[in-house]
Amino acid sequence: MAGIPPELYQKLRQFLLECEQFESDRTLRSVVSTYQPLRPWRFLPQANSIASRVNAVISYLQDKSRSDTKENALVLLLRLLKDLIEEEDQRHQQLVNLILELENAFADNSTLDNLKLETKTETIIRGTKKRKLEEEKRQPIKNRWAFLVGVNRYNDPGVHNLKFCVKDVQKLEKKLKELGYTVMCLHDSLESDSGRFPIHNNIEAELINLCNMVDVDDLLLVHFACHGKLGRDEQPMLIVRDTRLSTIEKTGLSLADMKKYMHSSKARRLVLTLDACHMGVETGREIDDPQFIHNAYELAEGFALIAASTAQQKALESPEKNSGVFTHYLIEGLNGEADREQKGFVTVDDIKTYVLYSLRRWSIENDQVIQEPTAKTEGLGDMIVADYRYSHD
């Protein structure tokens, strides 16, 4: 299914945010469990905020439908809410309109999906191998998106404040915009009532919104500059402005959730960089041929995680550089320093190699415990994160 059009998605999301049924997991489940058409999906995903709950429910129900009536589960949920609202209430008519728009959108998607399926089947019948068909669908990067979060100050008295996280993401924002990225930046130098102030709910909601907007041939880069901590079962957690250590599983952001949200997007190219403590992961060409570049780099897709340190190290800040050391070298690499082979572009592997070497050298020169970034990549080829071959004006 092609999904919900962005404008309709925003309209639907805003409406559900104002529904009292979404105030808690218990309330929503009790309402849904009494409605027979929705009983197959009565165990809805749980969340710790209304925004997260709305996002999770939309994502969970939008591609599900009853096998008997073929009715879409999300449309069924709206029908249930409509029945709970008096006809005199203006929200009743809003729901009627939303249901109609959703049904039309899903009908259009179904027609399109069927047409694609028929075309694909016909092509395979004619003798084209499935692998070739999939390769033909792969296209160079169309749009580049970035989601940046920097947190200097923390509500929990047990978490010491940092100095350069906000400056880091502001500098990274400037660099990425120069490289043609559309950037969403959250940091705690913004007004506290701003939707982009870096508290748990804002970060989660804005990332999910962005993930719903990006398209299949886009690249999505996500970067966090903040504290990190290993939570229960040694799971990496990001500490944001309103995280409390005593309830970190609820108020922190788990690395697993961040990856889940990114993977829920249509984008086939995902890059996550983390300038935070305890965020490491176990890590388990001279080029002049244009066709090799096209296949190995421009068509590369997958998921890459680059973390500032191993799981047992701290990510360091440098007063001399006025920055977090990892982010400083990340920006240098994006500036072109990582392009050692003069290809005209910088890839994920270039960044990984450059930052690793630079951090080792800096640690020795400054008599610091060696801070080693770690990386994990999945997918095809080596994704381009900075391309200097074309103008980005």
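Everything discussed here concerns the structure shown above.
Residues numbered from 1 in each chain as written. Predicted model: local features only at pLDDT ≥ 70, side-chain atom pairs only at ≥ 80, totals over all residues. Heavy atoms only, no water.

Asker: Sorry if this is basic, but what is going on with the sheet that holds strand 6 (residues 253-254) here?
Answerer: The strand order across the open sheet formed by three strands is 4-5-6, and the pairing between neighbours is antiparallel. Of all strands in the sheet, those with a lone pairing partner are strand 4 (227-230) and strand 6, marking the two edges. (Pairing = 2+ DSSP bridges. Helix = DSSP H or I, 4+ residues; strand = E, 2+ residues; numbered from the N terminus.)

Asker: Honestly, the packing of helix 3 (residues 50-61) against helix 8 (residues 200-213) in this entry has me stumped. Any pointers?
Answerer: If you want to describe how two helices pack, look at the angle between their axes and the distance between the axes. For the pair helix 3 and helix 8, interaxial distance at closest approach is 9 Å and the crossing angle is 25 degrees. With respect to helix 8, the element helix 3 is oriented roughly parallel. Handedness of the helix 3/helix 8 crossing: left-handed. Residues Ala51, Ser52 and Asn55 of helix 3 form the contact with helix 8, whose participating residues are Glu204, Ala205, Ile208 and Asn209. For the contact of helix 3 with helix 8, a count of residues per class yields three nonpolar, three polar and one charged. (Axes fitted to C-alpha atoms, helices over the stretch in contact; angles between N-to-C directions. Parallel < 35°, antiparallel > 145°, perpendicular 65-115°, else oblique. Left-handed = near helix turned anticlockwise from the far one by under 90°. Contact = heavy atoms within 4.5 Å. Nonpolar A, V, L, I, M, F, W, Y, C, P; charged D, E, K, R; others polar.)

Asker: Please clarify how the packing of aromatic side chains should be interpreted in this entry.
Answerer: What characterises a pair of aromatic rings is the spacing of the ring centres plus the angle enclosed by the ring planes. Under the definition given, this model contains zero aromatic pairs. If you follow Lys343 out to its NZ or CZ, it ends over the ring of Phe345, 5.3 Å from the centre. (Phe/Tyr/Trp six-rings, centres within 6.5 Å; stacked < 30°, edge-to-face > 60°. Lys NZ or Arg CZ within 6 Å of the ring centre and 35° of its normal.)

Asker: Help me understand the pairing of strand 7 (residues 269-275), please; the structure alone is not making it clear to me.
Answerer: For a regular strand, the rule is simple: side chains alternate between the two faces of the sheet. For strand 7, the buried fraction is high: seven of the seven residues fall into the buried class. Side-chain alternation along strand 7 places Arg269, Val271, Thr273 and Asp275 on one buried face and Leu270, Leu272 and Leu274 on a second face that is also buried. Bridge count between strand 3 (residues 219-225) and strand 7: seven bridges; the pairing is parallel. Residue pairing for strand 7: Val222 is matched across the bridge by Leu272. (Buried < 20%, exposed > 50% of the residue type's maximum accessible area, 1.4 Å probe, protein only.)

Asker: Help me understand the pairing of strand 5 (residues 236-239) in this model?
Answerer: Both faces of strand 5 are covered, namely the face carrying Pro236 and Leu238 and the face carrying Met237 and Ile239. Note that strand 4 and strand 5 share four bridges and pair antiparallel. Opposite Lys229, over in strand 5, you have Met237 as the bridge partner. Relative to strand 6, strand 5 runs antiparallel, the two being bridged by two bridges. Among the inter-strand pairings, Met237 is bridged to a residue of strand 6, identified as Ser254.

Asker: In this structure, what is going on with the nonpolar core? I would like to understand it.
Answerer: Grouped burial of nonpolar side chains is what soluble globular proteins tend to show. If you look at the biggest cluster of nonpolar residues, it comprises 105 residues, and the most contacted ones within it are Leu16, Leu77, Phe147, Leu176 and Phe224. By residue number, the principal contributor to this core is helix 4 (residues 73-84), which donates eight residues. Leave out the neighbours within four places in its chain, and Leu77 touches Phe22, Val32, Leu38, Val57 and Leu61. (Core = buried A, V, L, I, M, F, W, Y, C linked by side-chain atoms within 4.5 Å.)

Asker: Please explain the side chain of Asp217 as it appears in this structure.
Answerer: Assignment of secondary structure puts Asp217 in the loop between helix 8 and strand 3. Here the side chain of Asp217 touches Arg268 through a polar contact of 3.0 Å, side chain to side chain. (Polar contact = N/O pair within 3.5 Å; in protein donor to acceptor, adjacent residues only side chain to side chain.)

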